[in-house]
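# Structure at a glance
If you want the building blocks of each chain, they are given just below.
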Amino acid sequence: MKVKVVAQILEANDRIAAENKKLFKESGVYVINLMSAPGAGKTSLIERTIKELYKKLRIAVIEGDIAGTDDAQRIESLGIPAVQINTGGACHLDANMINEAIADVPLKDIDLLIIENVGNLVCPAEFKVGEDMKIMILSITEGDDKPLKYPLMFQESSALILNKIDLLPHINADLAKIKNNSLSLNPSLKIFEVSCKTGEGISEWTSWLQSLVA
Amino acid sequence: MHEVSIALGLLEFAAEYCKREGYKGIEAITVKIGKASGVMPEALHFAFEAVKVGTIAEKACLNIDEVPVSGFCSNCNKSFTVKQTYVLSCPICGKSSFRIETGQELNICEMEVF
Ligand SMILES: Nc1nc2c(ncn2[C@@H]2O[C@H](COP(=O)(O)OP(=O)(O)O)[C@@H](O)[C@H]2O)c(=O)[nH]1
Ligand SMILES: [Mg+2]
Ligand SMILES: [Zn+2]
C-alpha cells in the first residue's frame, strides 16, 4: 500500500535543535555555530575572540572534532570552560550531540557559547544544532572559487570571516570575487576580513558579535 | 559523508511512522532531494543500503526524485530553472530581483508499507 507522507528528513534533528535553542534562551545564552574547512582557523578565531571579549562576556566553548582533544585543551588553557565532542567519524555536529554535551556546559554562568563544528564545507551547513546564528570562516588560501562550489554554507551563514589576510601578498586570491559571489548567494551576509595571526580586523568582528550578545 | 546521517534520519522517521500507524514493514521510500541540498544521490543510495539492514525497512528500495534549482523573477514575472546548484542573477534579465523556489529539498514524500 502506498502512503503519502510529507516530512523533512531531518525532522528529528530539527526537533532536538529547537529543544536546545529553548534551553539556551531560558538560560540567557547566545550561541554561535562556527563552520569552515579543516585548518581555515576556527580554533584560532575562537582564541582571538576570547582574548578580546573575556572581560566583557562570560564565554564557554564546545569543540567538535572527529577525534582528539587538542582544540579543547587550547581553549581551556585560556581559562575558559571547554567541552570536547568526538564525533567518531561523523563529519558534522548534530543537535543530539550538542544536547548531550550541554550537561557539561555551565549555562547559568555564561553569556556566549561558541560551538566549533567539525572541519568540513558541506555537511555542517545541513544540521541545525540550536544556534542563534551560523558563522563561517573561509581562509583566503582556499581559493576564490569556493562560494560557488559550496553555496549552501554561504547561504546558511549570517557572517563570513575571511581569514589569513596577512597572506594576501603571497597568494593569488581575488578577494573582490569571493565577496561578490558570496553576497550574490546571500545578500544579507556580513563579511569581515581578519588575520588571526596579526590580529588585524579582529576587533570589528568582536564588536559586532558583542552587540548581538548583549 | 553526511548522507549516512540523512539515511538514519530517514529510517528513524519511517520506523516511527510505521509503529504509530501499525504497519509491519516498508517496501519502498520515495524522497525529494534538491540539487542544492548538498546531498549526493549516489552517496545516499549507498548509505541507505548500509543502514537499512536489521530495520523495518530492511527490504525497502529507495527512490530519489532529484529537484532542480528554480526561482521566480519579479522583474520578468517569470519562473526559471537552472542547471547549477546556485543562482547569482535571473537567467532571463540578469537582475537580482529573484527568489529561489526549489532546490534545497530534503523531504520524504511517499512510502510503500505493508
Ligand atoms: N598565516 C596565518 N595562519 C593562520 C591564521 N589563522 C590561523 N592560522 C594557522 O592555520 C592553522 C590552522 O588553524 P586552526 O585555528 O587550528 O584551524 P581550524 O582547523 O579551523 O580550527 C594553524 O597552523 C594556524 O596557526 C592567519 O590569520 N594567518
Ligand atoms: Mg580547530
Ligand atoms: Zn528576470
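Before reading on, note that the structure itself is shown above.
Presented here is an overview of the structure given in this document.

A few words now on the site of ligand 1. Residue and element names in this part refer to chain A. Lining the immediate environment of ligand 1, one finds 17 residues, of which Lys-42, Thr-43, Ser-44, Asp-166 and Cys-196 sit closest. Between Ala-40 and ligand 1, the recorded distance is 3.4 Å, taken from a backbone N or O atom to an oxygen atom. Coverage of ligand 1 by the protein chains reaches 70% of its 590 Å² of free accessible surface. If you tally residues by element for the shell around ligand 1, the top one is helix H2 (residues 42-53), at three residues. For the shell around ligand 1, the per-class residue count stands at four nonpolar, seven polar and six charged.

Attention shifts here to the packing of aromatic side chains. Here the structure, examined in full by the defined rule, presents six aromatic pairs over all chains. Look at Phe-80 of chain B and Phe-98 of chain B: their rings are 6.1 Å apart centre to centre, the planes differ by 75°, and that puts the pair in the edge-to-face class. Here the residue Phe-80 of chain B occupies a position in strand E4 (residues 78-82), and Phe-98 of chain B occupies one in strand E5 (residues 98-102), the gap between them amounting to 18 residues. Accessibility classification places Phe-80 of chain B together with Phe-98 of chain B in one group, the buried group. Aromatic ring contacts, followed pair by pair, group Phe-192, Trp-205 and Trp-208 of chain A into a single cluster.

Here the focus is the interface of chain A and chain B. Contact with chain A, which involves 27 residues of that partner, is made by 30 residues of chain B. When chain A packs against chain B, the two sides together hide about 2500 Å² of surface, and 59% of this comes from carbon and sulfur. Linking chain A with chain B are two salt bridges. A salt bridge links Lys-4 of chain A to Glu-110 of chain B; the nearest nitrogen and oxygen atoms lie 2.4 Å apart. Our count for the contact surface shared by chain A and chain B stands at nine residue pairs in polar contact (both at pLDDT 80 or more). Among the secondary structure elements, those contributing two or more residues to the side of chain A that touches chain B are strand E1 (2-8), helix H1 (11-26), helix H6 (151-156) and helix H7 (175-185) of chain A. Per-element accounting of the side of chain A that touches chain B gives the leading share, seven residues, to E1 of chain A. Considered class by class, the residues forming the side of chain A that touches chain B number 16 nonpolar, five polar and six charged. With five bridges joining them, E1 of chain A and strand E6 (residues 106-113) of chain B adopt antiparallel strand pairing. Counterpart to Val-3 of chain A in the pairing with E6 of chain B is Met-111 of chain B.

Each value, and the rule that gives it
- Residues numbered from 1 in each chain as written.
- Chains lettered and ligands numbered in written order.
- Predicted model: local features only at pLDDT ≥ 70, side-chain atom pairs only at ≥ 80, totals over all residues.
- Heavy atoms only, no water.
- Near = heavy atom within 4 Å.
- Polar contact = N/O pair within 3.5 Å; in protein donor to acceptor, adjacent residues only side chain to side chain.
- Areas by Shrake-Rupley, 256 points an atom, 1.4 Å probe, with all protein chains shown as cover.
- Helix = DSSP H or I, 4+ residues; strand = E, 2+ residues; numbered from the N terminus.
- Nonpolar A, V, L, I, M, F, W, Y, C, P; charged D, E, K, R; others polar.
- Phe/Tyr/Trp six-rings, centres within 6.5 Å; stacked < 30°, edge-to-face > 60°.
- Buried < 20%, exposed > 50% of the residue type's maximum accessible area, 1.4 Å probe, protein only.
- Contact = heavy atoms within 4.5 Å.
- Buried area = accessible area lost by both parts, 1.4 Å probe.
- Salt bridge = Lys/Arg side-chain N within 4 Å of Asp/Glu carboxyl O.
- Pairing = 2+ DSSP bridges.

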